[in-house]
Amino acid sequence: MAETTGIKDYIKPENLVYKKTGIMTDNILHYCPGCGHSTMHRIIAEIIDEEGLQSEAIGVSPVGCSVFLYHYIDIDWQEAAHGRAPALATAIKRLCPDKFVFTYQGDGDLAAIGTSETIHSCNRGENFLIVFINNGIYGMTGGQMAPTTLPGMKSTTSPYGRDTRQMGFPLKITDIVATLPGTYYVTRQSVHTPANVRKTKRALRKAVQYQKLNKGTCFVEIVSNCPSGWRMTPVEANKWLEENMLPYYPLGDLKTPSEETSQKTNNPE
Amino acid sequence: MERELRLMKGNEAVAEAAIRAGADGYFGYPITPQSEILEYLMEANPYQTTGMVVLQAESEVAAINMVYGGAACGKKVLTTSSSPGISLMQEGISYIAGAELPCLVVNVVRGGPGLGTIQPAQSDYFQAVKGGGHGDYHLIVLAPSSVQEMADFVGLGFDLAFKYRNPVMILSDGAIGQMMEKVWLSPYRERSKTVPDWATTGKLPSRQRNIITSLELNPERQEEFNRKLINKYNEIKEKEVRYEEFQCEDAEYLFVAYGTSARVCQKSVQIARNEGLKAGLLRPVTLFPFPSERIGTLSGRAKIILSVEMSSGQMLEDVLLSVNGEVPVYHFGRMGGIVTTPEEVVDFLKLKIMGG
Amino acid sequence: MTEEIIIAGFGGQGVLSMGKIMAYSGVMQDMEVSWMPSYGPEMRGGTANVTVILSSERISSPIIRQFDTAIILNQQSLDKFENSLKPGGMLIYDGNGISRHPERRDINVYRVDATEEAGRMKSPRTFNMIVLGAYLKIKPLIKIENVIEGLKKSLPERYHNLIPLNEKALNRGMEIITRISL
Ligand SMILES: Cc1ncc(C[n+]2csc(CCOP(=O)(O)OP(=O)(O)O)c2C)c(N)n1
Ligand code: SF4
């Protein structure tokens, strides 16, 4: 049997259940196996594609593992200095209000070195989307402690586990920005299961609409993983994410536009 | 106490030497190729042994200002980073120089500009030696070319910083930070129990209050302060020039190189000598103050001088000033994180000898 | 005496730690040593290499382009470093996954099928010790007992029970290295 069927026999239109999103480039993703960044890139590409935003989108990539985001999605990009993406985006959106503007930032970038830019752009209600990838660690530089590292969690700069008396508690920056009047829609999602991917897409779609309506800052946190920095296999990492990250960073909307709040109570999703 | 032999990375040597030098505090933010310094200190946990505080700051801006605060209390404090992080620190460094505070800043240089590369480079020479931040000031700049010197210059750096009340920079690079060599570690120095009399430690009835500031709105007094700094820098130029020479006695072809490039050039000297070319190497150990006088003297016998550096030619300007037009001076070096090879240097020299 | 070595392969093959053990052993024998790794994100799953220099004199440049010995553990590294050997130099390679074999005739080529042997020994992690054993058979610059000491220093305590296995691997490497004549 093995001689008679080969991979070629399966590549038929009726068997195709998955294909490359149009505006992803052909560059090979450099991420470690199982890394949430890859999934998120695809989701963002899909949203931009499906919403027909390619010609309007200006993305700002961070310093972190996703620094080369601009290699992968075929739109215009600016690469910011570490932590400064919201400052760039502020100017971009103010000077080009018709464009769809977003930043994509890790937890070190957004919640450590860039806290000030994050808080102040949200506080000014800058009308762009911030996508915040929280993997609880500095992936790119080799697994150092991030502001979001969980209590007791080991990293190369918390080799005995994060001691909250010395190193503070994990910063729930999403909760903080939700309290600022400038933010319009603040939500925390994940992409570690297909169901969560669908919810994340829904959240991003809303953010796109709100930006069109000039509503203010939309902030979408993605609780993600870092199999390499966590020293786990991809499967272990996703399990660990569920068991440890999600209790600390529970998924769901933190701030929704008031007309939707009533719906939200009916539908806990 | 005896010195201890270890095999270590340059970055690890800085960390261990800081503990042994009796440092009171370290503040830093991760960045390649120097993150091992913070990682090593976190693992070593010196707070338990010597009481040295180690803290991961939220950014380099925060780290250098923590250094300001610690230094103003008269403590021995340091921070380390690599090029992009050092750029962020420049404002703080200028304030530290303006407030005449002693501290140690280590730059494990990577290629730029911008985010650049994480591979070794020497492209931050201007920033380190000519200022970096705003205002009229200088750092004392030490340029280690081995893991041993990475360790030794921590203690030396602190001594110079306190002697002159001036920030000291160790200007290293990714190669020296990442490589392992043998290193003899100094015995532990106890953390100082006393602090200088200018430090802010709480005003006692016995003394005037201490104010650490870099602000002076009166132009005359600010100029007076600038003159005081110049005098200090002149004293440093007079007393603290350090360099090393390799086969310079009869050198007709002089390489001037520091750090990793100096190691490369040592081999270039051997290769050139094997081919009958009388080459020598002058290695500045201090980049500020620069060994201008010695280079000037050596240029008397030299036919060609090469400034070999992993940059587009920055130290070159100081070499040119030292030689003052007496001998042809050329720059040679690779960029972008590429380390020059010894053979390339010799080939370039030969090209110049032939008038290329 | 100066021995300039490049070890190159995939990240995860133990390239850097093999170099480290050689450097540790060198220190124990009072040699001057330098260990200069490639570093950066490309190490994750990509290629890794390290330059090790052992010498009786002060080492000048730790970064060099011409080597006495190249220990080569994958095809990319063979392609990259075969021409960096000095004439008369020594090339040791693992034949696993190699489709273009060494071609230079002015060097001494040895082959050690360490991947295969480590598989046979059912301990893939001793792979690099098999390779090191093979190297030491031809150039016994450092003593086995110092390598074992070096292992102890570079391995976390919890792996010290693996040291006898590593010793066995070193010896296997010495046995299976073969000279290839071109
Ligand atoms: C000014 C400055 N400091 C430090 C760095 C080094 N650096 C690069 S990425 C990074 C942290 C990345 O972590 P995170 O934002 O959590 O993103 P991840 O890699 O985990 O996706 C750091 C500290 C830098 N590039 N610039
Ligand atoms: S280091 Fe972590 S965050 Fe970076 S690509 Fe790998 S798994 Fe993803």
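Our structure's up above, just so we're on the same page.
So, a few notes on the structure that sits alongside this text. If you're wondering where the values come from, they're calculated on a predicted model, not measured in any experiment.

1. Some points on the nonpolar core
Core analysis: the largest hydrophobic core is formed by 119 residues, its most contacted members being L101, V154, F255, I305 and V319 of chain B. Per-element accounting of this core gives the leading share, nine residues, to helix 6 (residues 147-164) of chain B. Once you skip the residues sitting within four places of it in the chain, F255 of chain B turns out to touch C265, S268, V269, A279, G280, L281, L282, L306, V308, V345 and L349 of chain B. Of all hydrophobic cores here, the second largest spans 44 residues; its members include I71, M90, V112 and I142 of chain C.

2. Things to note about the site of ligand 2
In the vicinity of ligand 2 lie 11 residues, with C32, C35, C65, C226 and P227 of chain A positioned nearest. The environment around ligand 2 is built from residues contributed by chains A and C.

3. Some points on the sheet that holds strand 6 (residues 108-111) of chain C
As a general point, the strands of a sheet are linked pairwise by backbone hydrogen bonds and lie either parallel or antiparallel. Within the open sheet, the nine strands sit side by side as 1(B)-8(B)-2(C)-3(C)-1(C)-4(C)-5(C)-6(C)-7(C). Their pairing is mixed. The open sheet has two edge strands, strand 1 (4-9) of chain B together with strand 7 (178-180) of chain C, and neither has a second partner. Strand after strand, the sheet turns through a mean of 25 degrees between neighbouring axes, direction not considered. In this structure, strand 6 of chain C lies alongside strand 7 of chain C, joined through three bridges in antiparallel fashion. By the bridge assignment for strand 7 of chain C, V109 of chain C is matched with I180 of chain C. Sheet contacts for helix 4 (residues 127-138) of chain C: strand 1 (2-10), strand 4 (67-72), strand 5 (85-93) and strand 6 of chain C; angle to strand 5 of chain C, the most-contacted strand, approximately 140 degrees.

4. Remarks on a nonpolar patch on the surface
All names here are of chain A. The grouping of I7, I11 and L16 at the surface amounts to a nonpolar patch, some 350 Å² of accessible area in total. Relative to the elements of secondary structure, I7 occurs in helix 1 (residues 7-10). On the basis of relative accessible area, I7 is assigned to the exposed category, the value being 62%.

5. Describing the interface of chain C and chain B
On the side of chain B, 27 residues touch chain C, which itself brings 25 residues to the contact. Summed over both partners, the interface of chain C with chain B buries about 2100 Å², with 61% contributed by carbon and sulfur atoms. Of all residues in chain C, Y39, S60 and R65 of chain C bury the most surface against chain B, accounting for 31% of the area lost on that side. Across the salt bridge formed by R58 of chain C and E244 of chain B, the nearest N and O atoms sit 3.3 Å from each other. Secondary structure elements with two or more residues in the side of chain C that touches chain B: helix 1 (15-28) and strand 2 (32-37) of chain C. No other element matches strand 2 of chain C, which puts six residues into the side of chain C that touches chain B.

6. Here we look at the sheet that holds strand 12 (residues 286-288) of chain B
Residues and elements named next belong to chain B. In space, the seven strands of this open sheet follow the order 3-2-4-5-7-6-12, with mixed pairing throughout. Across the chains shown, the open sheet's two edge strands, defined by having one partner strand only, are strand 3 (53-56) and strand 12. Between one strand and the next, the sheet's axes are offset by a mean angle of 20 degrees, whatever the strand orientation.

Reading the values: the criteria
What you see as residue numbers is a count from 1 along each chain, following the sequence as written. Ligands are numbered from 1 and chains lettered from A, in the order in which they are written. Per-residue local features of the predicted model are confined to residues with pLDDT of at least 70, and side-chain atom pairs are confined, for both listing and counting, to 80 or more; whole-chain, interface and lining totals are unaffected and use all residues. Excluded from the side-chain calculations are hydrogens and water; all other atoms, namely the structure's heavy atoms, are used. Only buried residues count toward a nonpolar core, which is a set of Ala, Val, Leu, Ile, Met, Phe, Trp, Tyr and Cys residues joined through side-chain atoms within 4.5 Å. Each residue's exposure class comes from its accessible area (1.4 Å probe, protein chains only) as a fraction of the maximum for that residue type: buried when under 20%, exposed when over 50%, partly exposed otherwise. Starting at the N terminus, helices and strands are each numbered in turn, a helix being any DSSP run of H or I of at least four residues and a strand any DSSP run of E of at least two. Any pair of residues with heavy atoms lying within 4.5 Å of one another is described as a contacting pair. Being near a molecule or strand, for a residue, means having at least one of its heavy atoms within 4 Å of it. A pair of strands is labelled paired if DSSP reports no fewer than 2 bridges between them. For helices, the fitted line uses only the C-alpha atoms of the stretch in contact; every axis is such a line through C-alpha atoms, and the angle between N-to-C directions lies from 0 to 180 degrees. For patches, a residue must show more than 30% relative accessible area and have no salt bridge; joins then use 9 Å for like charges and 5 Å for nonpolar side chains, namely Val, Leu, Ile, Met, Phe, Trp and Tyr. Here the accessible surface of atoms and residues is derived via Shrake-Rupley with a 1.4 Å probe, and residues count as covered only by protein chains that are part of the display. Here, a salt bridge means any side-chain nitrogen of Lys or Arg that lies within 4 Å of a carboxyl oxygen of Asp or Glu. The term buried area denotes the loss of accessible surface (1.4 Å probe radius) that occurs when two parts are joined, taken as the sum for both partners.

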